Amino acid sequence: MTQDLHGVLGDLVIANRILAHEGVLDDFGHVAVRHPGRADRFFVSRSRSPEIVTRDDLLEFTLDGVPVDPKGLRPYLESVLHARIFAARPDVQATVHHHSPAVLPYTVVDDVPLRPVFHMASVLGGPVPVWDSRDEFGDTNMLIDDVPKADSLARALGGGTSVLLRNHGAACAAQSLPAVVFVSVRMKDNAELQSRAMAMGKPRYLTEGETRMTAEMLMGERPLDRAWSYWRARAGYGGI
């Protein structure tokens, strides 16, 4: 194991804890990271609640969603969701699948898109698309548990950072673990603010230009390092 890989796996554990602490992940949901030395592999925890994930829970997978060495552990049924996003998007280094309660209303109501209403949520990239499994697969168990459904979801994500799953949750993708944590937390924050604003009246949304320029700034090293350090500390990894 290289030192780079060692650090990435440590950050993957911390990302699980951060997203649990920030209310994005609960007993379900998961976060994955691409292998820093092998673009055709990634890591995600075994089937375990994110708040209690440790390094020993991490499993390596191929981009078909198959564990390289399952070590006698049970993987998440939706590990393939991450696999096929990594396969479709060479630029993506980390992914999250969550069921944030603040976001869920935007997956169950027609004609009310989730859109950035404050600058930190510009990283959502504009109105978030909604993927509906029924369009291609009819009634299912609503899990993304095979390659065809995972590929379909990856197509709906396209080149963006976020996609909603009808009546289910969301998936987020970005260039690093700090970046995907940022997108996931800000999706939750934006959903809360947008819902509150709509209760008061008609929200003013970010323009296309504001969304693009602000997202480019926020996905830079300085803002991501500041946010990651803050969330690390809140999750108990602040150091001395």
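The chain goes by Class II aldolase/adducin family protein in an unreviewed UniProt entry, where it is assigned to Muricoccus nepalensis.

Some words on the overall build of the chain
Looking only at helices and strands, the chain features 8 helices and 7 strands. For 240 residues, the compact-globule estimate of 2.2 N^0.38 gives 18 Å, and the C-alpha radius of gyration of the chain, at 17 Å, lies within 12% of that figure. Dimensions of the chain along its principal axes, counting C-alpha atoms only, are 55 × 50 × 30 Å. Among the 240 residues that make up the chain, the fraction classed as buried is 49%. Of the roughly 11,500 Å² of accessible surface on the chain, a fraction of 52% belongs to carbon and sulfur atoms. Taking the average place of the 26 positive charges on the side chains of the chain and the average place of its 30 negative ones, the gap between the two points comes to 4 Å.

Remarks on the environment of V103
Within the element layout of this structure, V103 appears in the loop between β4 (94-98) and α3 (105-108). A C-alpha to C-alpha distance of 34 Å links V103 and D4, two positions 99 residues apart in sequence.

Here we look at the packing of aromatic side chains
Taken as a whole and judged by the stated rule, the model has 3 aromatic pairs. Judged by centre distance (5.3 Å) and plane angle (20°), the ring pair of F42 and F61 falls under stacked. With F42 in strand β2 (residues 41-45) and F61 in strand β3 (residues 58-62), this pair connects stretches of sequence that are 19 residues apart. Of the two residues, F42 and F61, both sit in the buried class.

Structural notes on the nonpolar core
As a rule of thumb, soluble globular proteins bury nonpolar side chains together. Among the nonpolar cores identified, the biggest contains 71 residues, and L114 and M187 are the most heavily contacted of them. Apart from residues no more than four positions distant in its own chain, M187 is found in contact with H98, V103, L114, L124, V128, S162, L164, A170 and C172.

Calculation rules
Residues numbered from 1 in each chain as written. Predicted model: local features only at pLDDT ≥ 70, side-chain atom pairs only at ≥ 80, totals over all residues. Heavy atoms only, no water. Helix = DSSP H or I, 4+ residues; strand = E, 2+ residues; numbered from the N terminus. Rg over C-alpha atoms; globule rule 2.2 N^0.38 Å. Buried < 20%, exposed > 50% of the residue type's maximum accessible area, 1.4 Å probe, protein only. Areas by Shrake-Rupley, 256 points an atom, 1.4 Å probe, with all protein chains shown as cover. Lys, Arg positive; Asp, Glu negative; His and termini not counted. Charge placed at Lys NZ, Arg CZ, Asp CG, Glu CD. Phe/Tyr/Trp six-rings, centres within 6.5 Å; stacked < 30°, edge-to-face > 60°. Core = buried A, V, L, I, M, F, W, Y, C linked by side-chain atoms within 4.5 Å. Contact = heavy atoms within 4.5 Å.

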